Amino acid sequence: MEFDSEKLRAYYADAPEDITLEDIDLERRPKHVSIIMDGNGRWAQARGMDRTKGHAAGVDSLRETVTTCVRMGIDVLSVYAFSTENWKRPQREVDMLMHLFATTLMKELPLFHQENVQLRFFGDLTALPKKTYDVFMEGLEETKGNTGMIFALAVNYGSRAEITRAAQMLAQDVLEGSLKVEEISQAALESYLYTAGLPDPDLLIRSSGELRLSNYLLWQLAYTEFYVTDTYWPDFDRWEFLRAIRAYQSRDRRFGGVKTK
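Here the structure is a predicted model, which means the values were calculated and not measured.

> Would you mind showing me how to read the pattern of salt bridges here?
Enumeration over the complete set of coordinates arrives at 20 salt bridges. Salt-bridge contacts for D25 lead to R28; the nearest nitrogen and oxygen are separated by 3.2 Å. Exposure remark for D25: the relative accessible area of 32% places this residue in the partly exposed category. A salt bridge links E141 to K144; the nearest nitrogen and oxygen atoms lie 2.9 Å apart. The structure contains a network of salt bridges with shared partners spanning D38, R42, R206, E210 and R212.

> Looking at this structure, I do not really get the packing of helix α3 (residues 51–72) against helix α8 (residues 238–249). What am I missing?
Pairs of packed helices are described in terms of their axes, by the angle between the two and the distance that separates them. Put simply, α3 and α8 touch, their axes get as near as 9 Å, and they point 50 degrees apart. One finds that α3 runs oblique with respect to α8. Here the hand of the crossing between α3 and α8 comes out right-handed. Only R238, F241, L242 and I245 of α8 make contact with α3, whose side of the interface consists of E64, T65, T68, C69 and M72. Residue composition of the contact of α3 with α8, grouped by class: 5 nonpolar, 2 polar and 2 charged.

> Just to check I follow, could you spell out the nonpolar core for this structure?
Across soluble globular proteins, nonpolar side chains have a tendency to be buried as a group. One finds Y12, M72, F151, V155, I205 and F241 to be the most contacted residues of the largest nonpolar core, which totals 50 residues. Discounting chain neighbours no more than four positions away, the residues touching I205 are V33, S34, I35, I36, Y227, F236, F241 and A244. Ranked by size, the runner-up nonpolar core spans 14 residues in total, among them I36, Y80, I150 and A152.

> Is there a simple way to explain the packing of helix α4 (residues 91–114) against helix α5 (residues 130–143) in this structure?
With their axes 9 Å apart at the nearest point, α4 and α5 run at an angle of 15 degrees to one another. In terms of their interaxial angle, α4 and α5 are classed as roughly parallel. Considering the relative orientation of α4 and α5, their crossing is left-handed. Mapping the contact onto sequence places M98, F101, A102, L105, M106, L109, F112 and H113 in α4 and T132, V135, F136, E138, G139, E142 and T143 in α5. Here the contact of α4 with α5 is composed, by residue class, of 9 nonpolar, 4 polar and 2 charged.

> Sorry, what's going on with the sheet that holds strand β1 (residues 32–36) here?
In any sheet, the strands associate via hydrogen bonds between backbone groups, in a parallel or an antiparallel arrangement. The 6 strands are arranged β3-β4-β2-β1-β5-β6 in an open sheet whose pairing can be described as parallel. What marks the edges here is a single partner per strand, and that holds for β3 (118–122) and β6 (225–228). With strand direction ignored, the average angle separating the axes of adjacent strands in the sheet is 20 degrees. As paired strands, β1 and strand β5 (residues 203–206) are joined by 4 bridges and run parallel to one another. Across the sheet, residue S34 finds its bridge partner in β5, namely L204. Along the sheet face, α5 touches β3 and β4 (150–157) and points at about 140 degrees away from the line of β3.

Parameters at a glance
- Residues numbered from 1 in each chain as written.
- Predicted model: local features only at pLDDT ≥ 70, side-chain atom pairs only at ≥ 80, totals over all residues.
- Heavy atoms only, no water.
- Salt bridge = Lys/Arg side-chain N within 4 Å of Asp/Glu carboxyl O.
- Buried < 20%, exposed > 50% of the residue type's maximum accessible area, 1.4 Å probe, protein only.
- Axes fitted to C-alpha atoms, helices over the stretch in contact; angles between N-to-C directions.
- Helix = DSSP H or I, 4+ residues; strand = E, 2+ residues; numbered from the N terminus.
- Parallel < 35°, antiparallel > 145°, perpendicular 65-115°, else oblique.
- Left-handed = near helix turned anticlockwise from the far one by under 90°.
- Contact = heavy atoms within 4.5 Å.
- Nonpolar A, V, L, I, M, F, W, Y, C, P; charged D, E, K, R; others polar.
- Core = buried A, V, L, I, M, F, W, Y, C linked by side-chain atoms within 4.5 Å.
- Pairing = 2+ DSSP bridges.

Below, the structure written as structure tokens:
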């Protein structure tokens, strides 16, 4: 995706000592960045606040990250917002998150239009409360004509469930005779994943220092570069994003092969 270099440089003015925009090769920026947003609750508890306050604070970091990716010309930004396992959390926290999803999305729609962002979702949205579901559907409808960055929210998402769903759909095609067993391929399965039509992530960022995938995009992350920061998500900003890009660009991506001289 194209970007305005002057606007980007203005956005990254007043750099801290350890990182500047000059450290980044903008011609080698990743096309798809995915983020596991972690540490909201711990951020709040470290400040003597209720965990729900951390989720609200995390919205500001997400807004800045969306803007950062647009400014940098990233094609796709995907984020892990709510997993299939998160329903096990205290009901009060779950209810607050569902309310936060709905109110935040409505509030941010003008930003999506301003930045030409198209919204997309990964996960089974039918299990969400009706108000949250309706707002999500409105967001999809409102932004479907936008042609800039794709912003994908993984909500009620679990990768094992996603792959199982794809396998069931393939099996149904075989039963109905529209697909032969020998025609089942990686491409056929990928066409039934929530990420169908999108490039696999080049870079996965996880905040708060946790070293696990948490049932997120297990198929799609096969050759993705990982960047883990101890920073809690509410403290994640444009400079932390730049550090992640710098780390990504320091990697030698061979995709299982060996480079020859």
